[in-house]
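Chain and residue survey
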Amino acid sequence: MDFTLTEEQKMLKAMVKDFATKELEPIAAEIDENARFPTESIKKMSELGLLGIGFPEEYGGNGGGKIESNIVTEEISRVCAATGTIYFVTTGLAGYPIYKYSNDDQRKRFVPPIATGQTLSAYALTEAGAGSDPASMETTATRCDKGYLLNGTKIFITNGNEAGIILVFATTNRAQRHKGISAFVVEKGTPGFSVGKLEHKLGIRASSTAELVFENCFVPEANRLGSEGDGFKIAIDAIDGSRVSVAAQAIGIAQGAFEKALSYAKERQQFGQPIANFQAIQWMLADMATRIDAARLLTYRAAYLQDKGLPFIKESSMAKLFSAEVSMWVTNKAIQIYGGYGYVKDYPLERYFRDAKITEIYEGTSEMQRMTIARSLMREG
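Below is a summary of the structure that appears in this document. (Residues numbered from 1 in each chain as written. Predicted model: local features only at pLDDT ≥ 70, side-chain atom pairs only at ≥ 80, totals over all residues. Heavy atoms only, no water.)

Moving on, we come to the nonpolar core. Of all hydrophobic cores here, the largest spans 90 residues; its most connected members are Y87, I98, Y123, F169 and I337. Top element by residues in this core is helix α7 (residues 231–267). It accounts for 15 residues. Discounting residues that sit within four places of it in the chain, Y87 has contacts with M45, L50, L51, I53, S69, V72, T73 and I76. Core analysis: the second largest hydrophobic core is formed by 18 residues, A141, Y148, I157 and I166 among them. (Core = buried A, V, L, I, M, F, W, Y, C linked by side-chain atoms within 4.5 Å. Buried < 20%, exposed > 50% of the residue type's maximum accessible area, 1.4 Å probe, protein only. Helix = DSSP H or I, 4+ residues; strand = E, 2+ residues; numbered from the N terminus. Contact = heavy atoms within 4.5 Å.)

Right, here's the structure in full:
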C-alpha cells in the first residue's frame, strides 16, 4: 500500500491548511471561550466545497473518499477541533449513512442539502441509558397511518441544535433488542420534535451538543432508511466509519499542539539559550513527532481499506484508539514544554488539551475499541 498523497490530495491539504490558518485559527479561542457556534466558518467551508467531499456530484457533492475527508478533518482540527467535529459529523457520521442507505428518492431529497451546505446533519443514537449498548434504547417508533410516531429523548447529539436533517434511531420492536431498531430521517420543524438542553462542555465547546426530544413526532414511512430492523446495522456501520474520522481529528489536534510546542521551544530562552537545545525537550519533541506519524499511518490504512470496500473494523478501532491516546499524550507534553504559560488561557495549549480528551470517548471509548480489537483477534486466531 502506498500512502503517499496524490497531487490532488496535496492540493486539497494545502488549500484547507491555508483556509484553516487564515479563517479558523484567529477565532478559535473566542468561539471556545463563548461556546459560540461558528456559523460563518461553516458557510465559508461550504463555499469551498468541503461539505461536498465524499458525496457524488449528481447529489451536489465533489467526490472523493475517506482519505480526502480525513485530510479536511485533520487540517481543520489542527487549529479548531470544534469545527472539525461539526464537519465530520455532518458529512460522515450522519451524512454517510443517509447517502449509503437511502433509496433514490431519499437521496434526492436529503443528500444535496447536506453536500451543498444548505443544512447540517446530526446522528441521534445515544440515550441516557443507551450509550455503548444501543440495544437498551428506549426511544420508540410506533406504527400509525402512513408512518410512525416517535417518542423518547436522545442526548449528547452533535449539531443537534443546528441540523436540519437528523438521523434518528428508535426501536420498532423492543422485544427484539438490537434487531428491533430502525432508522429514520427527521427534519427540523417536524411537529413533536424539539431541542432540549444544550451541554456545557470541557472541550470542543464551539460545537453544539444537544438533547433532542420526540413527543408523538410523526415521521412518514418514506423517511425510514432501509427496512424495519435495519437500524442497528446502519448505526454500527456509521460509527465504524466515523472512528476513522475521530482518529484524523485526534491527529490534527496533536499536530497543532506539536507545531506550537516546537515553535515555542525554539523561541523560549532559559540559561542563555533556547530550551530546544536541551536534550530533555528534544526527546519530548522526537517522541511527539514519531507517535503522530505512526497514528497518521494507522489512520490512512483504515481510510484506504474503507475506500476500497475492504474489511476495516479492526483497523478503524486501532486507528482511533492509538490516535486518541497519542493526542492526549502529545497535548500533555506540549503543555509541559510551555511550562506555566501552557496552563493559562492566553496560550492555546490548554484548549488543545481539553479538546483532545473527547477523542478517547465519542464514537466508542478507548475501552470499547480494545474490546473490538480483541474480539477481531480472537476470530482471526
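Summed over all chains, the structure comprises 26 salt bridges. As a salt-bridge pair, D18 and K22 come within 3.3 Å of each other at their nearest N and O atoms. Pair noted here: D18 and K22 are both in helix α1 (residues 7–33), with a separation of 4 residues, about one helical turn. By relative accessible area, which is 39% here, D18 ends up partly exposed. Under the relative-accessibility criterion, K22 is labelled exposed at 57%. Its salt-bridge partner being R78, residue E75 comes within 3.1 Å of it at the nearest N-O pair. Note on E75: relative accessible area 3%, which makes it buried. Residues joined in a network through salt bridges with shared partners are D32, E33, K345, E350 and R354. (Salt bridge = Lys/Arg side-chain N within 4 Å of Asp/Glu carboxyl O.)

Inspection of the entire model under this criterion finds 10 aromatic pairs. Look at Y341 and Y347: their rings are 5.2 Å apart centre to centre, the planes differ by 55°, and that puts the pair in the tilted class. Assessed through its relative accessible area of 38%, Y341 is described here as partly exposed. Pairwise contacts between aromatic rings join Y264, Y338, Y341 and Y347 into one cluster. The side chain of R107 reaches across the aromatic face of Y99, ending 4.5 Å from its centre. Above the ring of W329, the side-chain terminus of R291 is found at 3.7 Å from the ring centroid. (Phe/Tyr/Trp six-rings, centres within 6.5 Å; stacked < 30°, edge-to-face > 60°. Lys NZ or Arg CZ within 6 Å of the ring centre and 35° of its normal.)

Our focus in this paragraph is the layout of surface pockets. The calculated volume of the largest pocket comes to roughly 1,100 Å³. Lining the largest pocket are 40 residues, and of these T126, I361, Y362, E363 and G364 lie nearest its centre. Looking at the lining of the largest pocket, the elements with two or more residues in it are α4 (81–93), β3 (147–158), α7, α10 (349–357) and α11 (366–380). The wall of the second largest pocket is formed by 25 residues, among which G54, G65, K66, Y96 and Q306 lie closest to the centre. Every element with two or more residues in the lining of the second largest pocket is listed here: α3 (66–77), α4, α5 (95–101), α7 and α8 (279–307). At 5 residues, the largest contribution of residues to the lining of the second largest pocket is made by α7. Of the residues contributing to the lining of the second largest pocket, the split by class is 8 nonpolar, 13 polar and 4 charged. (1 Å grid on protein atoms, 1.4 Å probe; cavity = no way out; pocket = protein on both sides within 12 Å on 5 of 7 lines; lining within 4 Å. Points joined across faces, edges and corners; volume = space filled by probe spheres on them. Nonpolar A, V, L, I, M, F, W, Y, C, P; charged D, E, K, R; others polar.)

This next bit is on the pairing of β3. Two elements, strand β2 (residues 140–144) and β3, share 5 bridges in a ladder whose sense is antiparallel. Pairing of T142 across the sheet is with L149, part of β3. What sits between β2 and β3 in their antiparallel hairpin is a turn of 2 residues, with K146 showing a positive phi close to 70°. Two strands pair when backbone bridges link them, and β3 and strand β7 (residues 209–220) are joined in this way by 9 bridges, in the antiparallel orientation. Note that in β7 the partner of K154 across the bridge is L212. (Pairing = 2+ DSSP bridges.)

In terms of backbone geometry, most residues other than glycine have negative phi values and most peptide bonds are trans. Residues other than glycine seldom take positive phi values, yet F156 does so here, at roughly 60°. Looking at where F156 falls in the secondary structure, it is placed in strand β3. Look at N159: it is not a glycine, yet its phi comes out positive at around 70°. Summarising the element assignment, N159 is placed in the loop between β3 and β4 (165–171). Relative accessible area serves as the criterion here: at 0%, N159 is assigned to the buried category.

Let us now look at α3. Over its 12 residues, α3 extends 16 Å from the first C-alpha to the last, a length consistent with the 16 Å expected when each residue adds 1.5 Å. In terms of residue burial, α3 counts as a mostly covered element, since 12 of its 12 residues are buried. Taken as a whole, α3 has its buried residues at K66, I67, E68, S69, N70, I71, V72, T73, E74, E75, I76 and S77. (Expected span 1.5 Å × (residues − 1).)

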